Amino acid sequence: MTMSLCDDTLLCNFPKCRTKLNGFAWVTACSHVFCDQHGSGEFSRSPAICPACSSALSGKLDIVRTELSPSEDYKAMVLAGLRPDVVLDISARALAFWSYQVHQERMYQEYSLSRAEAQLKQMDKVLTQQNQSRDLELTAMRGEIASLKKVMEEYKRKYSEVSEKLMERNRQYQKLQGLYDSLRLRNMVVGDRDTLHHVGHHDFNTGVARQVSTPQRSPQFLSAGHDVDNRFFSCLEADGAKTFFQFSSPAMEKGRAFIKKH
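Residues numbered from 1 in each chain as written. Predicted model: local features only at pLDDT ≥ 70, side-chain atom pairs only at ≥ 80, totals over all residues. Heavy atoms only, no water.

Trainee: Hey, could you go over the sheet that holds strand β1 (residues 24-28) for me, with residue numbers and the actual values?
Mentor: The antiparallel open sheet is built from 3 strands, whose spatial order is β2-β1-β5. Each edge of the open sheet is held by one strand with a lone partner, namely β2 (33-35) and β5 (63-67). For this sheet the average axis-to-axis angle between neighbouring strands, irrespective of direction, equals 30 degrees. (Pairing = 2+ DSSP bridges. Helix = DSSP H or I, 4+ residues; strand = E, 2+ residues; numbered from the N terminus. Axes fitted to C-alpha atoms, helices over the stretch in contact; angles between N-to-C directions.)

Here's what the structure looks like:
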């Protein structure tokens, strides 16, 4: 807030106050003015010290409590009876006090402005550094993303190649499995034929007619084996029974009668 000579309000010179003055104010010989609250508090102690410039205020009129909006009667009587030069001297000093307050306020505002500008420059510098750091990080992250994309594309290509190889191996496996199954069936058929041929040849040599398929036997008969057959035929011979080749038939009886006649 910049004051001018036309401004009708002064500000409290207490460093932490700086409020607009109204009602009563405390004026010092060192050309400072304070609000009624801080003036009453600061100047009630002895010796009195100016809060603005730390000057000692030991004179009787070094501190004056004045009314900022005097009445018309006060204005009419305060300078009454004084010579013009005294009135002009008083007015000049009052104007000098006012000009000093305006100058001090302008100095304070300029100081506040320069301090704010310095802080702004510092913040702008910090912001620029942070932006540069973020730009570098962003560039690095973009490069990393690009490299990761390349790696991902390479993995995709390798995965595609491995998948194609796996499918080819599966096709080869299916083909080999089919060949294996066909060869196994062929070997089984050839083995069955060899078994049948061997069984037929053995039956022809022994003169015993057997069926190709193995007759189903009871569990006891299967467990008995070849010894049961020997005991069965030996029992028949012991009882005087005829063997399988001695069983008679009508054709064989006619042949025997013919041989006996001749």
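Trainee: Got a sec to walk through unusual backbone geometry? Specific residues and values, please.
Mentor: The step from S46 to P47 runs through a cis peptide bond, and the omega angle for that step is 0 degrees. Relative to the elements of secondary structure, P47 occurs in the loop between α1 (36-42) and β3 (48-49). Look at S54: it is not a glycine, yet its phi comes out positive at around 65 degrees. Relative to the helices and strands, S54 resides in the loop between β3 and β4 (56-57). Residue class for S54 comes out exposed when judged on its relative accessible area of 55%. (Buried < 20%, exposed > 50% of the residue type's maximum accessible area, 1.4 Å probe, protein only.)

Trainee: So, the pattern of salt bridges: which residues are in play, and what are the values?
Mentor: Per the counting criterion, the structure on display carries 10 salt bridges. When the shortest N-O distance is used, the salt bridge between D181 and R184 registers 3.8 Å. A residue pair is termed a helical-turn pair when its members lie 3 or 4 positions apart in one helix, as D181 and R184 do in helix α3 (residues 84-206) at 3 residues. Residue D181 is classed as partly exposed on the basis of its relative accessible area of 26%. A residue is classified by how much of its surface remains accessible, and R184, at 42% relative accessible area, is partly exposed. Bridged by salt links that share partners, the residues E154, R157 and E161 form one connected network. (Salt bridge = Lys/Arg side-chain N within 4 Å of Asp/Glu carboxyl O.)

Trainee: Can you tell me about the state of the cysteines, naming the residues and giving the values?
Mentor: Applying the stated criterion across every chain yields a total of 0 disulfides. With no disulfide of its own, C50 lies closest to C30 among cysteine sulfurs, the gap being 3.5 Å. The buried category is assigned to C50, whose relative accessible area is 1%. No disulfide involves C53; its sulfur sits 3.6 Å from the nearest other cysteine sulfur, which is in C30. Judged by relative accessible area, which is 34%, C53 ranks as partly exposed. (Disulfide = S-S within 2.5 Å.)

Trainee: Can you tell me about the pairing of β1, naming the residues and giving the values?
Mentor: One ladder, built from 5 bridges, connects β1 with β5; its direction is antiparallel. Bridge assignment links T28 to a residue of β5, and that residue is I63. Across 3 bridges, β1 lies against β2 in antiparallel orientation. Note on β2: the bridge partner recorded for V27 is V33. Counted along the chain from β1 to the antiparallel partner β2, the turn is 4 residues long, and its residue S31 has a positive phi close to 65 degrees.

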